[in-house]
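What the coordinates show
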Amino acid sequence: MLKRIYIDNFQCLVNFELNFDSINLFLGGNGSGKSTVFDVLWRLQFFILGLSKVEGVFQGFTRTRWQTLPIQRFEIEIDGNGGTYKYELSIEHNQEQSYVRHENLSFNNQILLNFEMGEVQTFNDDYTAGPKYPFDWSQSILPFFLPRHDNTKLTWFKKRMERFIIVRIIPSIMSPISEQEQILLNPAMDNYVSWYRYISQDQGKVAELIQVLKQILNGFVSFKFEQSGDKYTFLKLRFANDSDRKNIIEYGFGELSDGQRILIALYTLIYCTKSEDYTLCIDEPENFLALPEIQPWLRQLYDFCDEEKLQSLLISHHPECINYLLASPIGYWFERQSNAPVRVRKISNEEADDAGLKISELIARGWLK
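Since this is a predicted model, take the numbers as computed values, not measurements.

Here's the deal with helix H5 (residues 203-216)
- Between the first and last C-alpha of H5 there are 20 Å, a value that for 14 residues agrees with the 20 Å anticipated at 1.5 Å per step.
- Regarding H5, the residues found buried are Lys205, Val206, Leu209, Ile210, Val212 and Leu213.
- On the buried face of H5, the contacting elements are helix H4 (192-199), strand E12 (220-228) and helix H6 (258-271).
- Two to three positions downstream of the cap, the backbone nitrogen of Gly204 sits 3.2 Å from a side-chain oxygen, assigning the N-cap of H5 to Asp202.

This is the structure:
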């Protein structure tokens with residue numbers, strides 16, 4: 001589970017720190033920094049997994065505009081594998097280039113990997129020192145470590161970074177076709193079909209997802225992959241008429257409504273990742289959905305997180321999400337003024353009880369202080 005994040009000198013986040021629970025709700029006005037936290041997590045994931053070098057994710061213009069500091073600093077802490085991992089990254093920017101100044105990974109305060117000013121020092125699982133050698137300043141050292149019997153702790157951390165799903169679903173650009181399986185979801189979830197091909201290898205979870213969708217989508221029967229030539233695979237859905245269950249009609253994923261695609265995506269996210277140590281970061285999951293559609297999903301998400309089968313970070317402006325999820329003290333209120341850093345505080349329904357109003361109503365009236 002993601003335990004903590006620290007961000008300094010990235011856009012509106014200055015000396016910013018946040019600790020997390022199993023389920024977390026980010027609240028606040030537009031431009032208050034909520035999505036920026038997700039953005040940093042996505043950039044760290046891409047960098048650590050070797051999908052991008054420094055210049056692709058931590059460009060100089062991402063620094064805080066009202067500061068002149070050349071260094072950005074990031075830290076994340078993750079609980080798992082019987083302990084706590086801490087990852088630290090410092091990026092330095094000058095007029096000519098941006099480069100890694102410092103990268104460190106530790107487990108239970110014991111160093112596993114340290115990169116400092118162009119030189120790498122490695123450590124084995126028993127924390128004995130390994131080789132020391134120069135390395136490229138433009139990228140993370142982590143992707144270059146292949147799994148071995150003496151670096152299982154480091155390998156676990158890399159696999160855990162794959163299990164961050166950071167999305168704001170845009171149904172209109174979700175492609176109905178796939179060229180190959182993909183382990184990571186894109187931020188807009190446009191590669192849903194390719195990711196579903198990968199995740200659907202667990203037939204038990206797919207069977208459970210199908211049973212749930214039968215209750216959610218009127219007439220839904222099953223999914224179907226259809227090959228088109230040697231290159232493309234289409235995702236189709238099979239629907240039956242209530243009066244004639246033998247009359248099956250197939251629809252391409254792209255033929256569904258925006259709301260149907262969102263629902264399928266949301267239920268796939270929680271049923272195909274539960275109990276696999278995933279962290280789901282979803283920006284405004286209620287978009288395109290009616291209240292009776294988002295309520296059952298919220299209840300199921302809450303239950304999975306409460307049972308520690310999932311961790312979720314949500315951004316929402318929807319009153320139903322706000323009031324339902326803040327039944328427990330899992331809310332964070334973001335606020336900032338122009339050219340000033342983000343400030344965050346924890347909120348709960350206790351504030352609403354004191355005022356005799358729901359949290360969403362306090363927010364709407366501007367009374368949440």
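Okay, back to it.
A word on the packing of H5 against H6
- The interhelical angle for the contact between H5 and H6, taken along N-to-C directions, is 140 degrees, at an axis separation of 10 Å. In terms of axis orientation, H5 runs oblique to H6. Between H5 and H6 lies a crossing whose hand is right-handed. Contacts between H5 and H6 involve Lys205, Glu208, Leu209, Val212, Leu213 and Ile216 from the former and Leu263, Ile264, Tyr267, Thr268 and Tyr271 from the latter.
- Considered class by class, the residues forming the contact of H5 with H6 number eight nonpolar, one polar and two charged.

A look at the state of the cysteines
- Evaluated as defined, the whole model comprises zero disulfides.
- Here Cys281 stays unpaired: no disulfide links it, and the sulfur of Cys305, its closest cysteine neighbor, is 11 Å away.
- Looking at Cys281, the relative accessible area reads 0%, which means it is buried.

Comments concerning the sheet that holds strand E5 (residues 83-93)
- Read across the sheet, eight strands follow the order E2-E1-E4-E5-E6-E7-E8-E9 without closing on themselves; strand pairing throughout is antiparallel. What marks the edges here is a single partner per strand, and that holds for strand E2 (16-19) and strand E9 (129-134). With direction set aside, neighbouring strand axes in the sheet form an average angle of 10 degrees.
- Sheet topology note: the strand E4 (residues 71-80)/E5 ladder contains 10 bridges and is antiparallel. Within E5, the residue paired with Glu77 across the bridge is Lys86.
- Sitting on the sheet, helix H3 (residues 152-162) touches strand E1 (2-8), E4, E5, strand E6 (98-107) and strand E7 (110-116), and the angle it makes with E4 is about 100 degrees.

Describing the packing of aromatic side chains
- Counting across every chain of the model gives 26 aromatic pairs.
- Consider the rings of Tyr87 and Phe157, whose centres lie 5.9 Å apart with planes at 25 degrees: the pair is stacked. Here Phe157 lies in helix H3 and Tyr87 lies in strand E5, a separation of 70 residues in the sequence. Taken individually, Tyr87 and Phe157 each receive the classification buried, so the pair is uniform in this respect.
- Taken together through their ring pairs, the aromatic side chains of Tyr192, Tyr196, Phe220, Phe223, Phe225, Phe239, Tyr251 and Phe253 make up a single cluster.
- The positively charged end of Arg160 is found above the aromatic ring belonging to Phe164, 4.9 Å away from the centroid.

Describing the UniProt feature "domain: Endonuclease GajA/Old nuclease/RecF-like AAA" (unreviewed entry) in the chain
- Under the UniProt annotation, the feature "domain: Endonuclease GajA/Old nuclease/RecF-like AAA" (unreviewed entry) is placed at residues 1-44.
- Each end of residues 1-44 is marked by a C-alpha atom, and these two atoms are 16 Å apart; helix forms 25% of the span and strand 39%.

Focus on the UniProt feature "domain: ATPase AAA-type core" (unreviewed entry) in the chain
- With numbering matched to this structure, UniProt assigns "domain: ATPase AAA-type core" (unreviewed entry) to residues 251-320.
- Annotation note: span residues 251-320, helix share 46%, strand share 17%, distance between end C-alpha atoms 31 Å.

Points about the packing of H4 against H6
- Between H4 and H6, whose axes approach to 12 Å, the crossing angle comes to 30 degrees. If you check the angle between H4 and H6, you find them roughly parallel. The hand of the H4/H6 crossing is left-handed. On H6, the residues that touch Tyr192, Trp195 and Tyr196 of H4 are Ile264, Ala265, Thr268 and Leu269.
- Considered class by class, the residues forming the contact of H4 with H6 number six nonpolar, one polar and no charged.

Looking at the pairing of E6
- When you tally the buried positions in E6, you get nine out of 10 residues, the bulk of the element.
- Bridge count between E5 and E6: nine bridges; the pairing is antiparallel. Paired with Ser90 across the strands is His102, a residue of E6.
- The hairpin turn running from E5 into E6, its antiparallel successor, is four residues long.
- Sheet topology places E6 next to E7; six bridges connect them, and they run antiparallel. From the neighbouring strand, Leu105 faces E7, where its bridge partner is Leu113.
- Between E6 and E7, which pair antiparallel in sequence order, lie two residues; one of them, Asn108, sits at a positive phi of approximately 50 degrees.

Conventions adopted
Residues numbered from 1 in each chain as written. Predicted model: local features only at pLDDT ≥ 70, side-chain atom pairs only at ≥ 80, totals over all residues. Heavy atoms only, no water. Helix = DSSP H or I, 4+ residues; strand = E, 2+ residues; numbered from the N terminus. Expected span 1.5 Å × (residues − 1). Buried < 20%, exposed > 50% of the residue type's maximum accessible area, 1.4 Å probe, protein only. Contact = heavy atoms within 4.5 Å. Polar contact = N/O pair within 3.5 Å; in protein donor to acceptor, adjacent residues only side chain to side chain. Axes fitted to C-alpha atoms, helices over the stretch in contact; angles between N-to-C directions. Parallel < 35°, antiparallel > 145°, perpendicular 65-115°, else oblique. Left-handed = near helix turned anticlockwise from the far one by under 90°. Nonpolar A, V, L, I, M, F, W, Y, C, P; charged D, E, K, R; others polar. Disulfide = S-S within 2.5 Å. Pairing = 2+ DSSP bridges. Phe/Tyr/Trp six-rings, centres within 6.5 Å; stacked < 30°, edge-to-face > 60°. Lys NZ or Arg CZ within 6 Å of the ring centre and 35° of its normal. UniProt positions renumbered as here; feature names shortened; annotations may be inferred.

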